[in-house]
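# Reading the structure
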Amino acid sequence: MRRISIFGATGSVGANGVDLIRRGGGVDDYQVVALTGGRNIERLAQMARDLRAEVAVTAHPELLEDLRAALAGSDVRAAAGEAALTEAAAMPADWVLSAIVGSAGLAPGLTALAQGGVLALANKESLVCAGGLLRRTGQVSGATILPVDSEHSALFQALGGESLDSVKDVTITASGGAFRDWPLERLAAATVAQASTHPNWAMGQRITIDSASMFNKAMEVIEAKEFFGLAPEQINVLVHPESIIHAIVNHIDGGSIAHLGAPDMRHAIGYALHWPERRALPVPPLDLARAGSLTFRAPDEIRWPALRLAREVMAAGGAAGAVFNAAKEQALDDFIAGRIRFTDMSPRVEATLDSLSAQAGFGDDPDTLQTVLHWDALARQEAAA
Ligand code: NDP
């Protein structure tokens, strides 16, 4: 039986992963090792009971007693805190879904990678902060990293194992998020509630706001560079409001291969779960007649300065990715808490990058978790409102 773990099981991606495991045979076909969550203790406990997990972990030590109480009478062990997350990631598993939000997903992801097996990576922050470290860790253990982000799963599928030598460049699409058609002068007054609605995808709040600001796409450009080993200038972004085409691979011979599908994360998660096979998934069929037309436009870097910042981060190298991500996470916290405006986020991230770069540069590509966390802490401090 396949041993699987899901980190961030109570979130949007994680819960879709749990749903696929349930529909795909549940406890008859999968041995669930660890399920983890944060504050949503009832949901975590229910999932762990249903799937007879060996351990359920909350990231928050103060919630351990609540988790124990919610698991009373079951065989599921309860644990809490960062160390417990890492211990759970060290438990042997064949397939691990990394779906914690933010750089908190890096340590468990790295630990899981060091055990071998398949790491299905939704946590794009890991690749942005520490792409080289992740790749090297996977190479040493023989682990396989599979993309779960829909655009990167789409690229992976469109590439179909072909050599990058025949690839001229690639395009990942962006819906444009909540404010795609807003007049620029309205953006400064955008509220958290307005930024937290997405036209096409049902996702967690943070990535939904990042879609409105395009920080999500900026992160995905860096993710594509790190995952596929592409040069920054080979990665294009195209605004595609219908979110039907997720990515396109443009070959040197003039042929382009696109990946299409309904905007439903269960496709990318399920693809990574069953890879290298394909299995039927509970995903709405593609209905192009209903879509009617597919439209595209070039991204506007005045509306979405995050895209320009991503290119600067890739050019800077070293720890710039870790700084970019942490400054973005801090600016997002401050926007959600009402301390800064929507349009303050990009300038805040840019100022953090400029300031830390001017102090000592971004050094070499971080080669330990501690180095990444050091830069992460520096950037959060610098970016805080
Ligand atoms: P959610 O906010 O919906 O879920 C995040 C998960 O992480 C929850 O289980 C949450 O627990 C847990 N969590 C939050 N903070 C911590 C922490 N400090 N330590 C440990 N666990 C924590 O996020 P999404 O599912 O939307 O996104 C997850 C990841 O997948 C992100 O990296 C995102 O960029 C990526 N992704 C998401 C997509 C989507 O469709 N949602 C698409 C592509 C990529 P709890 O809720 O119990 O507090």
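A brief structural summary. All values reported here derive from a predicted model rather than from experimental measurement. (Residues numbered from 1 in each chain as written. Predicted model: local features only at pLDDT ≥ 70, side-chain atom pairs only at ≥ 80, totals over all residues. Heavy atoms only, no water.)

## Notes on the overall build of the chain
- Within the chain one finds 16 helices and 11 strands.
- Against the compact-globule benchmark of 21 Å for 385 residues, the chain has a radius of gyration of 20 Å, which places it among compact chains.
- Seen along its three principal axes, the alpha-carbon backbone of the chain occupies a region of about 55 × 50 × 40 Å.
- Counting over 385 residues, the chain shows a buried share of 55%.
- Look at the contacts in the chain between residues 6 or more apart in sequence, and 67% of them connect residues 24 or more apart.
- Seen as two clouds, the 32 positive and the 45 negative side-chain charges of the chain have centres 4 Å apart. (Helix = DSSP H or I, 4+ residues; strand = E, 2+ residues; numbered from the N terminus. Rg over C-alpha atoms; globule rule 2.2 N^0.38 Å. Buried < 20%, exposed > 50% of the residue type's maximum accessible area, 1.4 Å probe, protein only. Contact = heavy atoms within 4.5 Å. Lys, Arg positive; Asp, Glu negative; His and termini not counted. Charge placed at Lys NZ, Arg CZ, Asp CG, Glu CD.)

## Here's the deal with a nonpolar patch on the surface
- On the surface, a nonpolar cluster with roughly 230 Å² of combined accessible area is contributed by Leu-260, Leu-286 and Leu-288.
- Inspection of the secondary structure puts Leu-260 in strand β11 (residues 256-260).
- Exposure remark for Leu-260: the relative accessible area of 34% places this residue in the partly exposed category. (Patch = residues over 30% accessible without salt bridge, like charges linked within 9 Å, V, L, I, M, F, W, Y side chains within 5 Å. Areas by Shrake-Rupley, 256 points an atom, 1.4 Å probe, with all protein chains shown as cover. Salt bridge = Lys/Arg side-chain N within 4 Å of Asp/Glu carboxyl O.)

## Points about the site of the ligand
- In the vicinity of the ligand lie 25 residues, with Thr-10, Ser-12, Gly-38, Arg-39 and Glu-125 positioned nearest.
- Measuring from an oxygen atom of the ligand, one finds a backbone N or O atom of Gly-38 at 2.9 Å.
- Here an oxygen atom of the ligand and a backbone polar atom of Asn-40 are 2.9 Å apart.
- For the ligand, the accessible surface in isolation is 900 Å², of which the surrounding protein chains cover 84%.
- Residue assignment for the shell around the ligand shows that the elements contributing at least two residues are α1 (12-23) and α6 (124-141).
- Its residues assigned to classes, the shell around the ligand shows 12 nonpolar, nine polar and four charged. (Near = heavy atom within 4 Å. Polar contact = N/O pair within 3.5 Å; in protein donor to acceptor, adjacent residues only side chain to side chain. Nonpolar A, V, L, I, M, F, W, Y, C, P; charged D, E, K, R; others polar.)

## Describing the packing of α1 against helix α11 (residues 265-274)
- As a packed pair, α1 and α11 sit with axes 10 Å apart at the nearest point and diverge in direction by 60°. In terms of orientation, α1 lies oblique with respect to α11. The two elements α1 and α11 cross, and the hand of that crossing is right-handed. Counting all contacts with α1, which are made through Val-13, Asn-16, Gly-17, Asp-19, Leu-20, Ile-21 and Arg-23, the residues of α11 involved are Met-265, Arg-266, Ile-269, Gly-270 and Leu-273.
- Partitioned by chemical class, the residues of the contact of α1 with α11 number six nonpolar, three polar and three charged. (Axes fitted to C-alpha atoms, helices over the stretch in contact; angles between N-to-C directions. Parallel < 35°, antiparallel > 145°, perpendicular 65-115°, else oblique. Left-handed = near helix turned anticlockwise from the far one by under 90°.)

## Examining the side chain of Thr-208
- Structurally, Thr-208 can be placed in helix α9 (residues 205-213).
- For Thr-208, the contacting residues outside a window of four places in its chain are Ala-195, Ser-196, Thr-197, His-198 and Met-203.

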